[in-house]
Structure formats: C-alpha cells, structure tokens
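Chains, contacts and geometry: an overview
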Amino acid sequence: SQQGEEDPQALSIQEGENATMNCSYKTSINNLQWYRQNSGRGLVHLILIRSNEREKHSGRLRVTLDTSKKSSSLLITASRAADTASYFCATVLFMYSGGGADGLTFGKGTHLIIQP
Amino acid sequence: SQTIHQWPATLVQPVGSPLSLECTVEGTSNPNLYWYRQAAGRGLQLLFYSVGIGQISSEVPQNLSASRPQDRQFILSSKKLLLSDSGFYLCAWTSTPLGTQYFGPGTRLTVL
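Bear in mind that the values here come from a model prediction, so they are computed numbers and not experimental data.

Contact residues are listed per partner, giving 23 residues for chain A and 22 residues for chain B. Roughly 1700 Å² is buried in total at the junction of chain A and chain B, and carbon and sulfur atoms are behind 59% of that figure. Viewed at the interface, chain B and chain A are joined by 0 salt bridges. At the boundary of chain A and chain B, one finds 4 residue pairs in polar contact (both at pLDDT 80 or more). Ranked by residue count, the leading element in the side of chain A that touches chain B is strand β4 (residues 29-37) of chain A, at 5 residues. Looking at the side of chain A that touches chain B residue by residue, the class counts come to 9 nonpolar, 11 polar and 3 charged.

Moving on, we get to unusual backbone geometry. Across the junction of Asp7(A) and Pro8(A), the peptide omega takes the value 0°, indicating a cis bond. Topologically, Pro8(A) is positioned in the loop between β1 (4-7) and β2 (10-14). Here the bond from Trp7(B) into Pro8(B) is cis, since omega is 0°, no more than 30 degrees from zero. Following the sequence through the fold, Pro8(B) ends up in the loop between β1 (3-7) and β2 (10-13). Phi at Lys70(A) is positive, roughly 50°, even though this residue is not glycine. Examined against the element boundaries, Lys70(A) turns out to sit in the loop between β7 (61-66) and β8 (71-76).

Moving on to the pairing of strand β11 (residues 110-115) of chain A. Residue and element names in this part refer to chain A. Only one face of β11 is covered, namely the face carrying Thr110, Leu112 and Ile114; the face carrying His111, Ile113 and Gln115 is uncovered. As judged from the 5 bridges shared by β2 and β11, these two strands associate in the parallel manner. By the bridge assignment for β11, Ser12 is matched with Ile113.

Attention shifts here to the sheet that holds strand β7 (residues 64-70) of chain B. Residues and elements named next belong to chain B. A sheet is described by the order of its strands in space; here 4 strands give the open sequence β1-β3-β8-β7, paired in antiparallel fashion. A strand with exactly one partner marks an edge of an open sheet, and here the two such strands are β1 and β7. Neighbour-to-neighbour, the strand axes of the sheet open up by a mean angle of 20°, direction not taken into account. As paired elements, strand β3 (residues 19-26) and strand β8 (residues 73-78) share 6 bridges and run antiparallel to each other. In the sheet register, Ser20 faces β8, and the bridge partner there is Ser77.

Conventions used here
- Residues numbered from 1 in each chain as written.
- Chains lettered and ligands numbered in written order.
- Predicted model: local features only at pLDDT ≥ 70, side-chain atom pairs only at ≥ 80, totals over all residues.
- Heavy atoms only, no water.
- Contact = heavy atoms within 4.5 Å.
- Buried area = accessible area lost by both parts, 1.4 Å probe.
- Salt bridge = Lys/Arg side-chain N within 4 Å of Asp/Glu carboxyl O.
- Polar contact = N/O pair within 3.5 Å; in protein donor to acceptor, adjacent residues only side chain to side chain.
- Helix = DSSP H or I, 4+ residues; strand = E, 2+ residues; numbered from the N terminus.
- Nonpolar A, V, L, I, M, F, W, Y, C, P; charged D, E, K, R; others polar.
- Buried < 20%, exposed > 50% of the residue type's maximum accessible area, 1.4 Å probe, protein only.
- Pairing = 2+ DSSP bridges.
- Axes fitted to C-alpha atoms, helices over the stretch in contact; angles between N-to-C directions.

Below, the structure written as structure tokens:
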C-alpha cells in the first residue's frame, strides 16, 4: 500500500493565491521529500525535510512536518501559472536496512491547476 | 554537473514484442539507480534498483527485468510485453539511498 497519501487529489486556485497540499504517511520516517512533475515529464525534487525538522523554506515553498501526526504540508505562496503541475510527497523509511530500496515511497500526488 | 538520460522518449510496441529501455547517468560515480513505472494518474511504483554493477533487486514480480552492465548504465527489458506494461517509465539516480533522487525525462510506453 502507499506509504504517503496526498490530499487533496486535485486543487484549482487563482494566480496569486496560496496553495496548500497535505501528505499523510503511516510509519516512522527518516525524511520526507516533495517533488513536482509537469505533465509528461520526469519528477523534480523540491525540498527534503528530515524527521527532526519541523519547518523548511525554499523560495516560495514552505514545508512543515509533524511526526506526531505523521503528516506534512507543502505551501506555495503567490502562485503562478508555471506552478501548474502534480506534486508528490515521498517518504524515506526510518528502518533503513542498507539496501537501495528502503528509499522513496511515493503517494499518488496532488494535481494543482493555477488559473490565470 | 550530473545529468541523466533516457531513451527512447516514446515507444509504441505490440503485445508479445521485446522491450529495451536505456538510462545513463553522467557526472557521478557509483550511483544508486532506480526504475519506476507510473500508470496514468497514479503515483510511482518502484520496479528495480541497483547499488552497483551487476547488482539488481526487484520490488515486484513481473515480466520485466533489469540489468546494469556499466556503472552508469541501467537497462529495463522484457522478452514479451503485456498490455499492462503500458505506462510512463522513469529512471532515477541518487548518491545516497536516503537522499534526493534525480529523475530522467521518462519513456512513454504504449503496448497495443
């Protein structure tokens, strides 16, 4: 089953507004990462937040992590048409055994549409 | 700087035909390499990963296979494609399994 689940599945807002996406996960994690995917393209890494961090910023992006609730949120401020994309959260499991695949587990994503 | 290439970009194949998708990474040594599949409107499913030449681990049973003949080359293959193999195939690399993954542009595979 999916480790991370994004909410909402789809979000449509006006340009200039803020967009908030949420991610919930099930087990203890080492870190949580957010990725963006433009239609038909590969994924682009946005931000990584470690389990001992609560908030992280990168430009117009703000990510929070609440390990007690096993949830994270991605806030995009002052949205632009170019922000239209799917956004995925991915978790790295805490119980890393040394194998290469105890790595990212992706959710199904939030499809964000910015209306001009 | 590091770059990752995938080819072909798109592929249309008949059921029962063979498959070979290639991924190469430049600008880094001994990367961890991954193959993912993304069905329409879905998240990513990890198919294979490799921590070194000739070392392949599979995450799901299927009619696909992977090989790593060189340090920075990762190949996804099938002897006989199924309709269910259609999807968007993404290759990714990372220098550490706990860190950021860097994705290639993907291959859109349609099996008819």
